[in-house]
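In case you want the letters, here they are:
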Amino acid sequence: MTAIFALIAAAGTYATALMFGTIGEILTEKSGNLNLGVEGMMYMGGIFGLVTANRYEALVGETGSVGFIAILFAILGSFAAGCIAGLIFAFITVTLRANQNVTGLAMTTFGTGVAKFVGEHMRNKLGGYVSVSNHLKESFHQQIFPDFLKRIPFVGKIVFGQPHFFYLGILVAILLHLFFTKTKKGLYLRAVGESPATADAAGINMTRYRYLATMIGGGISAIGGMVYTMTTAGCVWIEGSLSGVGWLSVALVIFCTWRPLNGIWGSMLFGSLMIMYLWIIIPFFPQELYKILPYVVTIVVLIIASMKNNKEKQPPANLGLNYFREER
Amino acid sequence: MSDKAKKNKTPFIRLSKKSESMLDPRKAVAIRISSVVVALILGSIPILLTGVNPVKAYGIIVQGSLGNKIYLQQTIKKMIPLLCCALAIGPCFKMRFWNIGAEGQLTAGAIACSAIAIWFGKSSMPSILILSLMFIFAIVAGGIWGFIPGYFKAKYNTNETLFTLMMNYIAIGIAKWLQGGPWEGRKGTQIIPIFDRKTFLPNVLGVHCGWIIVLLIVIIMHYYMTRTKHGFEVAVIGDSENTARYAGMNVGWIMMRTMFLSGAICGIAGFVVVAGANHTLNDVVADGNGFTAITVSWLSQLNSYVMILISALLAIISKGSKTLNQRVGVPASVAEIVSGILLFCMLGCEFFINYEIKFRWSRDKDAKKSASTAEQAKNGSTDGNRSSIPANTSKEAE
């Protein structure tokens, strides 16, 4: 039992990356845009977050660098990268009305390519590797709650022992939930995703909503990539370490039935599955086979989700379809 | 004054969908080719950032992939599995079934034929028998790997994109386990020893005969997609599933059948890679070909013959970018960026083929033109008009 609690507590770091990826994609999909390029956008967020933090430090010097500002720069850098990727996606699908599935796959190829390219280019340029100094690394890992809260039995470490990005992710999820359910703009956005023709007839600027949702959603997903490189990967760029995180996020969106609040515990669950082989050891069971467990679980989840045809848990009705006003 | 207000009400840019008769195939080809050119120009931006002259870089890419016999052979070796996977993906995409599991299906095929090679390689069986056994097992394993997501899509409408993708990770995970566990050669090496010579595909013209197999598949697939009932059914489902159902087609069965076929062809790709090139099994046997094949398929508009050209183009970029990396230090991942941009441009350019863009001023011109033709018609028809009118009506009749 203690092992399970320790596992969940340790999963928070990995889960945070998934959480941002999932929440961003929920925002995008709510507008009716199915962006399968989350993998590419998280890659881009990962490298540009690291590079902005690294450049900031190079600019002000190791002693003058402040952790908080470095984090801010990393967030901004990754968010901007995701926004640009979202803009490309929105331009091709909303304005040029290309197939969303293939555009998403192209975004995956493009994004991973850009990230690997920038990573290798920076490595060549700086000699050795791209990273940040130790005290900045610490500030990325910092835990904000005092120690006595973490000593609460069982749940203390799970709730209070996470890096600050974790709480930021929860905040974003709650804000997004409130946006969807409590504001007029959120209602409009959902209308665009459910039935663009109706929204258009009601005078909602469908193009603007889809563009903004895809860009901001892409930005949030990209922050997830940054969180991964700055926490789990230890502030260095390891090619391929981010592989699969973006795709798991896309799967999580289905698992969470397009609800941001479900994204919080959903990502905790999948974060736990990802690192389970390190914490709960099954004797004589080969580790490499153990590592594919999260993917098997994802498939099982996908099948179960599709078997239960619950009306409440459906994707936005127009997900993945483009809208052209003069077409019926 | 009121006239001016009216004018402002017409939108600055107006879009309309072109009808079938307005589509000009030559213009479409021209637009597609120019989109490839635009993509190559955009692709030179990252090369410029590294301080290398893009023209020179593209020169190195071409030289490094086609420059001499060895390079050319390597490029063709790269191209074979890529083309094979693209052929496999073709019918799925035609059916709007987003199979991105070619990577896993290839790996599954590779695992199955490696099993045969390991179990029977040392036995007294003749080479041809072992090779055909490997071939059959690769087909079955790849097919099953494709069939599973197809089954669930047909039965429960399970999201096939994620399903096929997760199947990739599972196949690669199994390959990793075999590599470091049961089939490992010397303990701790994580390498499966090279298979017996009997399991090697013979060379034809300097490259293993996989290229002949793949070219045969090109012809078969083109025939299958354009000349058979199966191919027609796939195309109908792609256009509208409801129409297919209304016409009495068993959509679920067709989906499963097509996915088995697709997986089987990917399995053949796995067989070709193992028996022809690698002669061993590892977890990177697919080497990203399954993903790049998506680009190939879509760029060639799912046409088998065009796929040869496009896979050659992407193989050249991929092989050439490695040379580029060795010579001037541009990261080899530039190949991925260029192929991503290629795909973006190709997807975007369809818009200019299918839609007509009318600007406000061109609308005015149209109005004037129609007014003048109307006047001409009033003044008594000339020869030119007489011939043009029946032409128009015949088009409408069509």
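## Details of the overall build of chain B
Part 1: Of the regular secondary structure elements, chain B holds 16 helices and 4 strands.
Part 2: Looking at chain B residue by residue over its 398 residues, the buried ones come to 48%.
Part 3: Within chain B, contacts between residues separated by at least 24 positions form 77% of all contacts whose residues are at least 6 apart in sequence.

## Observations regarding a nonpolar patch on the surface
Part 1: Together, Val66, Phe68, Ile69, Leu72, Phe73 and Leu76 of chain A make up an exposed nonpolar region whose accessible area comes to about 550 Å².
Part 2: Relative to the helices and strands, leucine 76 of chain A is located in helix H3 (residues 67-95).

## So, the confidence of the model for chain A
Part 1: Taken residue by residue, chain A gives an average pLDDT of 87. The fraction at 70 or more is 99%.
Part 2: Per-element confidence in chain A ranges from a low mean pLDDT of 73 for helix H6 (residues 147-150) of chain A to a high of 93 for helix H8 (residues 164-182) of chain A.

## A word on the packing of aromatic side chains
Part 1: Tallied over the full model, the rule gives 22 aromatic pairs over all chains.
Part 2: Summarising the aromatic geometry, the rings of phenylalanine 285 of chain A and tyrosine 290 of chain A are spaced 6.0 Å apart at their centres and angled 80 degrees between planes, so their arrangement reads as edge-to-face.
Part 3: For phenylalanine 285 of chain A, a relative accessible area of 41% corresponds to the partly exposed category.
Part 4: When its relative accessible area of 6% is taken as the criterion, tyrosine 290 of chain A is described as buried.
Part 5: With a centroid separation of 5.2 Å and 85 degrees between ring planes, the pair formed by tyrosine 151 of chain B and phenylalanine 152 of chain B is classed as edge-to-face.
Part 6: Grouping aromatic residues by their ring pairs yields a cluster made of Phe147, Tyr151, Phe152, Tyr156 and Phe163 of chain B.
Part 7: If you follow lysine 30 of chain A out to its NZ or CZ, it ends over the ring of phenylalanine 180 of chain A, 5.7 Å from the centre.
Part 8: Over the ring of tyrosine 355 of chain B we find arginine 97 of chain A, and its NZ or CZ is 5.8 Å from the ring centre.

## Examining the confidence of the model for chain B
Part 1: Per-residue confidence for chain B gives a mean pLDDT of 83; residues scoring 70 or more make up 87%.
Part 2: Across residues 380-398 of chain B the pLDDT falls below 50, and counting only partners more than four positions away or on other chains, this stretch makes 3 contacts in the model.

## Focus on the pattern of salt bridges
Part 1: On inspection of all chains with the given rule, the structure shows 9 salt bridges over all chains.
Part 2: Its salt-bridge partner being glutamate 336 of chain B, residue lysine 116 of chain A comes within 3.4 Å of it at the nearest N-O pair. With lysine 116 of chain A in helix H4 (residues 100-126) and glutamate 336 of chain B in helix H14 (residues 334-354), this pair bridges two chains.
Part 3: Residue glutamate 336 of chain B is classed as partly exposed on the basis of its relative accessible area of 24%.
Part 4: Residue glutamate 350 of chain B is joined to arginine 32 of chain B by a salt bridge in which the shortest nitrogen-to-oxygen separation is 3.0 Å. With glutamate 350 of chain B in helix H14 and arginine 32 of chain B in helix H2 (residues 25-49), the pair connects residues that are 318 residues apart, well separated along the chain. Comparing glutamate 350 of chain B with arginine 32 of chain B, the two get one shared label, buried.
Part 5: Residues joined by salt bridges that share partners form a network here, namely Lys229, Glu233 and Arg257 of chain B.

Each value, and the rule that gives it
- Residues numbered from 1 in each chain as written.
- Chains lettered and ligands numbered in written order.
- Predicted model: local features only at pLDDT ≥ 70, side-chain atom pairs only at ≥ 80, totals over all residues.
- Heavy atoms only, no water.
- Helix = DSSP H or I, 4+ residues; strand = E, 2+ residues; numbered from the N terminus.
- Buried < 20%, exposed > 50% of the residue type's maximum accessible area, 1.4 Å probe, protein only.
- Contact = heavy atoms within 4.5 Å.
- Patch = residues over 30% accessible without salt bridge, like charges linked within 9 Å, V, L, I, M, F, W, Y side chains within 5 Å.
- Areas by Shrake-Rupley, 256 points an atom, 1.4 Å probe, with all protein chains shown as cover.
- Salt bridge = Lys/Arg side-chain N within 4 Å of Asp/Glu carboxyl O.
- pLDDT = per-residue confidence, 0-100.
- Phe/Tyr/Trp six-rings, centres within 6.5 Å; stacked < 30°, edge-to-face > 60°.
- Lys NZ or Arg CZ within 6 Å of the ring centre and 35° of its normal.

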